[in-house]
Amino acid sequence: MSVQRYAHPYIPNSAPAVKEKMLAEIGFSSIEDIYADIPGELRLKEKMNIPKALTEYELERHVNQLMNKNQTTKENISFLGAGCWPHFVPAVCDEINSRAEFVTAYAGEPYEDKGRFQALFEYQSLVAELVDMDVVNVPTFDWAQAASTALRMAARITNRTELLVSKNIHPDKLLIIKNYTSPDLTVTLIDFENETGRLDLNDLKAKLSVDTAAVYFENPTFLGSVEVHGQMIADLAHAAGAICVVGVDPISLGVMESPANYGADIVCGDLQPLGVHMHYGGGQSGFIATHDDPTYVMEYPSRLFGIAPTEVEGEYGFGDVAYDRTSFAKREKGKESVGTQTALWGITAGVYLATMGPVGMEEVGQGIMQRSQYAAKQLSSIPGAEAKFSAPFFKEFVIDFSQTGKTVKDINAALLAKGIFGGVDLTEHYPELGQCALYCVTEVHTQEDIDTLVAAIKNIV
Amino acid sequence: MKTSEGTIGKMKRIPRDHKVRRFHQAKWDEPVIFELSQPGERGVEVPPVEPQIVETVGDGISQLPDSLRRKKRPNLPEISQYRVIRHYSRISQEVLGSDFNVEIGQGTCTMKYSPKINERFVRSPKMAELHPLQDESTVQGMLEMTYQLDLYLREISGMDKFSFQPGSGTQALFTQASIVRKYHESRGEGEQRNEFITTHFSHPSQAATAAVKGFKIIYVPADENGYPDLEALKGLVSERTAAFAVANPEDTGIYNSRIKEFTDVVHAAGGLCCYDQANANGLLGITRALEAGFDMCFFNLHKTFSVPHACGGPATGAIGVTAELAPFLPGPIVDFDGERYFYKRDLKNSIGKVRSFYGVPPAVLRSYAWVRALGADGLREVAEIACLNNNYLYHKILQIRGASAPYIQGRRLEQVRYSWQQLKEDTGITTYDVQRRMVDFAHHYWTSHHPYVVPEPFTLEPTESYSMAELDEYIAALTHISQEAYENPEIVKTAPHNSTGHRVLESVLDDPDQWCITWRAYLKKTAQN
């Protein structure tokens, strides 16, 4: 039986009596009068081919049926990372993230949305402690865009046009950087060492020039390796008059030194590891950090929330710092562009850092390193499988299956049949590495998960 | 405790005839989170590492060279769990989301009801715990919803293919500009076509993102009725024209009925036409991008399609293009072979990517559910009621002393840009003063985007989500403030009085010696105090 609708539950004024009353009030005879400016040839004549409305109960059944066609990383054992990572999300993060005040707010003023300004100021402040820098922005779309913007900032500051980017970054990130920096800036790739997976310093030296605006590298790299020559890279960049931009996985910073302390002028990264679920890649959220140097601050396109006094003594107020930088104020004459980005993920990352505290961040970082080393060791014990790079790693590492005679594709298909999502297949983007897969192990993986994986692969190869 | 039945029986019904809401926002005097730190407290325990792992690999961190070992723990606060919850719950009460106020004061943003059932869907592990690189066979439900939403948006717009990758309207505009550049490059005209034509009533990102892609920005002026000037456009197009990008209706709520002539002029000059459909809410099922001559358009899923705004994202700007431009879309895009859904990755002229992975899939899921909850008839009802609400509001606001709506009179589509110019001339009260006073009655009120082409502007967009009584409440608050402006302007100038905070000393925020973008900067800069 279909429901006789007189007003849609989402549309109060669709009740016929109200509609009539409102039309009468404004002196229109029908809704058609409102659309009189839209000429006949532009009017949609046929009805749209969209199924008829579902009631909430019907909708729930329907969408759940569709969602049940998905198999989650919780129902399987997953070792997928590569820019979107499984981490433990404390319930506190979900609780605050789902509060209607935050979920349904948007662009309110510091007076009615003071809490939003404070929550984002606190997020900035908490990430600032992690990266040991004094300025952090309201989040960008994702790490890739944060890196792109950091590089554009560097180009504006140095008034140069060439960007040197380490080749061991996520291939999709490189596409995004190239799109955000063309046509006015050029991107040149710096090789990495086959043995360690780290940046090739000789290649860097050869490519630095008076046109170099910035050198960008990541720590840990996309391929997992820890970059131990950070200070050397920064020194080389600075000697050439370039700015050093470092991308970082923030959850590593409980145990790893912040790039700010080995020469980075701009640090960027992704907030998703800090209390945000993966959401099929929708949980990404970028941050940018710098020292409190007006030259750098004035080049941010993003909103920067600051703390300031109000006209009442004993009260904190919040507001936009140097708003005139932004495209909101200056359109094309502002710095790049700003709009809706990923504020709720930023607030959530703040909740995560406040909940974890300094000890929690150290413990989680150490636990990740222990588990990932255990996994790499066990995987390397499989005949024909070996760790590709010799450098230490944080949570991801490359396993080379070339000697097993099996392709990563075949191994992953066999693992999938056993309810295991194997490591990311690198053969498409890095064919020169052979049959390699990028494995991600974090604090969510138990020893049993890892042992199950290792046993499964032993059976496959 | 003694109660008397007689007393309860005599309790009077509270009269509801006061014009403005009696309101006082929560004020918790809540410290900044660092001030809550108690050394030794913690908010959560991390998963323990099994002894056998430790036995096998040791402490793990010794692998790091000294130069990369963190020397000093980050100076994060130490707070137990319940205290973290109370802190954030308190500051959340100092936020007026659209679940709390009649959010019609944020024009151009289409603040509407975000159905609760959709929030339940996206918070399910079936959405939240998916990894973007899972095998396609394990995400068929997600891919099916994405593909179906693409089909629905094609119906709504007339375009041939959608990508959901852009993370907002701003990123959709950036994507449009990227496609324009790539399109002309593919035809060997990349260098030559370097001018991007837009209007002052478009979103600031329209001009800003095109500038990032290296275009020179040219504005079509508005004529005396508020329409972009067709004659002026004819003089602006040339062999240098890369594209014309415009919203229709623009942020004034004025629909340009000659839009097809505009797109014809631009096409004749070899340029592409980009439709900013941020203001599409009043047009669903009424008129489409295709018939108006656009080559591409985008919808903000966080506006028209009910995804909540989340304090400013994550969001999605779904971008649709004609078949000719489909190979330029950012990849991959979802396709269907009749049996299974899959990613199509071989887009010949793809601009590459604009956002990691596939954008923001929870926004796609919510929009899919919203469209299914409304159906074709419901979507049209959304448009009609949004426009009815807007014209009702428009009619009433023009009756408020000091208010006007410049340009063509009589009707508008889904929003209106108004002006308090008269109020300012009569009383000295500015749109900013009104903004701060509206807060005292639990209303958000936004002035407008820059530049202020309309003097003392404010832009209201009531959408379909608010009842007539709620519209009347908003109108009553504006009427009340207008009256105060004429009779007791001081109370308006010194507002807000009933909100969480008072006027912020903004000069501090523009002074490098005083601005504090983080708590640690604040501590350093105020150390001498």
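Residues numbered from 1 in each chain as written. Chains lettered and ligands numbered in written order. Predicted model: local features only at pLDDT ≥ 70, side-chain atom pairs only at ≥ 80, totals over all residues. Heavy atoms only, no water.

Topic: the domain arrangement of chain B
All names here are of chain B. Partitioning chain B into structural domains gives domain 1 (121–373) and domain 2 (376–509). With 26 residues of domain 1 at the contact, the number on the domain 2 side is 22 residues. Both sides together, the interface formed by domain 1 and domain 2 hides about 2,000 Å², and carbon and sulfur atoms give 65% of it. Summed over the three residues of domain 1 that lose the most area to domain 2, namely Phe201, Asp251 and Asn281, the buried surface amounts to 24% of that side. (Domains from an automatic or database assignment. Contact = heavy atoms within 4.5 Å. Buried area = accessible area lost by both parts, 1.4 Å probe.)

Some details on the interface of chain A and chain B
Listed as interface residues are 197 residues of chain A and, on the opposing side, 220 residues of chain B. Between chain A and chain B, the buried area comes to about 18,200 Å², and carbon and sulfur atoms account for 63% of it. Viewed at the interface, chain B and chain A are joined by 18 salt bridges. A salt bridge links A:Glu129 to B:Arg520; the shortest N-O distance between them is 3.6 Å. On the surface where chain A and chain B come into contact, there are 103 residue pairs in polar contact (both at pLDDT 80 or more). Classifying every residue of the side of chain A that touches chain B by side-chain character gives 96 nonpolar, 54 polar and 47 charged. (Salt bridge = Lys/Arg side-chain N within 4 Å of Asp/Glu carboxyl O. Polar contact = N/O pair within 3.5 Å; in protein donor to acceptor, adjacent residues only side chain to side chain. Nonpolar A, V, L, I, M, F, W, Y, C, P; charged D, E, K, R; others polar.)

Topic: the sheet that holds strand 3 (residues 216–220) of chain B
Residues and elements named next belong to chain B. Here we have seven strands laid out as an open sheet, ordered 1-7-6-5-4-2-3, and mixed in their pairing. Across the chains shown, the open sheet's two edge strands, defined by having one partner strand only, are strand 1 (161–163) and strand 3. Neighbour to neighbour, the strand axes of the sheet diverge by 25° on average, direction disregarded. Inspection of the sheet shows strand 1 paired to strand 7 (residues 317–321) by three bridges, in the antiparallel sense. Of the residues in strand 7, the one forming a bridge with Ser163 is Ile319. Packing against the sheet, helix 8 (residues 204–212) makes contact with strand 2 (195–199), strand 3, strand 4 (241–247) and strand 5 (272–276), and its axis sits at approximately 155° to strand 3. (Pairing = 2+ DSSP bridges. Helix = DSSP H or I, 4+ residues; strand = E, 2+ residues; numbered from the N terminus. Axes fitted to C-alpha atoms, helices over the stretch in contact; angles between N-to-C directions.)

Digging into the domain arrangement of chain A
Residues and elements named next belong to chain A. You can read the domains of chain A as domain 1 (77–86 + 365–460) and domain 2 (91–354). Centre-to-centre, using C-alpha coordinates, domain 1 lies 29 Å away from domain 2. Listed as interface residues are 27 residues of domain 1 and, on the opposing side, 30 residues of domain 2. For the pairing of domain 1 and domain 2, the buried interface totals around 2,100 Å² over both sides, and the portion due to carbon and sulfur atoms is 66%. For the pair domain 1 and domain 2, the number of links is eight residue pairs in polar contact (both at pLDDT 80 or more). Looking at the side of domain 1 that touches domain 2, the elements that each hand over two or more residues are helix 12 (343–380) and strand 12 (396–400).

Notes on the UniProt feature "domain: Aminotransferase class V" (unreviewed entry) in chain B
Feature annotation in UniProt places "domain: Aminotransferase class V" (unreviewed entry) on residues 190–305 of chain B, given in this structure's numbering. Structurally, residues 190–305 of chain B comprises 22% helix and 23% strand, and the distance from its first C-alpha atom to its last is 35 Å. (UniProt positions renumbered as here; feature names shortened; annotations may be inferred.)

So, the pairing of strand 10 (residues 316–320) of chain A
Residues and elements named next belong to chain A. Along strand 10, four of the five residues are buried, which leaves the element largely enclosed by surrounding structure. Of the strand pairs in this sheet, strand 9 (residues 305–309) and strand 10 are connected by five bridges, and their pairing is antiparallel. By the bridge assignment for strand 10, Pro309 is matched with Tyr316. Hairpin connection of strand 9 to strand 10: six residues between the antiparallel strands, including Gly314 at a positive phi of 85°. (Buried < 20%, exposed > 50% of the residue type's maximum accessible area, 1.4 Å probe, protein only.)

So, the packing of helix 12 of chain A against helix 14 (residues 447–460) of chain A
All names here are of chain A. At a closest axis distance of 10 Å, the pairing of helix 12 and helix 14 adopts a crossing angle of 20°. In terms of axis orientation, helix 12 runs roughly parallel to helix 14. Considering how the two elements wind past one another, helix 12 and helix 14 form a crossing that is right-handed. The segment helix 12 lies against helix 14, with Arg371, Tyr374, Ala375, Gln378 and Leu379 engaging Gln447, Ile450, Asp451, Leu453, Val454 and Ile457. (Parallel < 35°, antiparallel > 145°, perpendicular 65-115°, else oblique. Left-handed = near helix turned anticlockwise from the far one by under 90°.)

Some thoughts on the sheet that holds strand 4 (residues 186–190) of chain A
Residues and elements named next belong to chain A. One open sheet accounts for seven strands, arranged 2-8-7-6-5-3-4; its pairing is mixed. Among the strands making up the open sheet, the edge pair consists of strand 2 (135–136) and strand 4. Where strand 6 (residues 243–248) meets strand 7 (residues 266–270), four bridges bridge the pair, whose relative direction is parallel. The residue bridging Val248 from the neighbouring strand is Gly269, located in strand 7. Contacting strand 3 (162–166), strand 4 and strand 5 (212–219), helix 7 (residues 171–181) runs over the sheet at an angle of about 150° to strand 4.

A look at the packing of helix 1 (residues 16–26) of chain A against helix 11 (residues 361–397) of chain B
Direction vectors running N to C along helix 1 of chain A and helix 11 of chain B enclose 40°, while the axes themselves pass 9 Å from each other. One element, helix 1 of chain A, and the other, helix 11 of chain B, form an angle in the oblique class. For the element pair helix 1 of chain A and helix 11 of chain B, the recorded crossing hand is left-handed. Between helix 1 of chain A and helix 11 of chain B, the residues in contact are A:Lys19, A:Met22, A:Leu23, A:Glu25 and A:Ile26 and B:Glu381, B:Ile385, B:Leu388, B:Asn389, B:Asn391, B:Tyr392, B:His395 and B:Lys396, respectively. Residue composition of the contact of helix 1 of chain A with helix 11 of chain B, by class: six nonpolar, three polar and four charged.

Here we look at the side chain of A:Asn13
Mapped onto the elements, A:Asn13 comes out in the segment before helix 1. Overall, A:Asn13 belongs to the buried group, its relative accessible area being 2%. Non-local contacts of A:Asn13, meaning those with residues more than four positions away in its chain, are made with A:Val18, A:Lys19, A:Met22, B:Ile385, B:Asn389, B:Tyr466, B:Ser467, B:Met468 and B:Leu471.

Thoughts on helix 8 of chain B
Two residues of an α-helix separated by three or four positions point the same way, owing to the 3.6 residues in each turn. Residue and element names in this part refer to chain B. Counting buried residues along helix 8, eight of its nine residues qualify, which places the element largely inside the surrounding structure. Turning to helix 8, its buried residues are Pro204, Ser205, Gln206, Ala207, Ala208, Thr209, Ala210 and Val212. With its phi angle positive at about 85°, Gly214 sits one or two positions after the end of helix 8.

Remarks on the packing of aromatic side chains
Following the criterion strictly, the structure yields 34 aromatic pairs over all chains and no others. Aromatic side chains A:Phe192 and A:Tyr430 sit 6.2 Å apart centroid to centroid with 65° between the ring planes, which places their arrangement in the edge-to-face category. Taken together, the positions of A:Phe192 in the loop between strand 4 and helix 8 (201–207) and A:Tyr430 in the loop between strand 14 (424–425) and strand 15 (436–440) put the pair 238 residues apart, joining distant regions of the chain. Judged on exposure class, the residue A:Phe192 and its partner A:Tyr430 are both buried. Put simply, the rings of A:Phe79, A:Phe393, A:Phe397, A:Phe401 and A:Tyr439 touch in pairs and so form one group of aromatic residues. One Lys or Arg, B:Arg86, reaches over the ring of B:Tyr82 and ends 4.3 Å from the middle of that ring. For the cation-ring pair, B:Arg401 lies above B:Tyr486, with the distance from its terminal atom to the ring centre recorded as 3.6 Å. (Phe/Tyr/Trp six-rings, centres within 6.5 Å; stacked < 30°, edge-to-face > 60°. Lys NZ or Arg CZ within 6 Å of the ring centre and 35° of its normal.)

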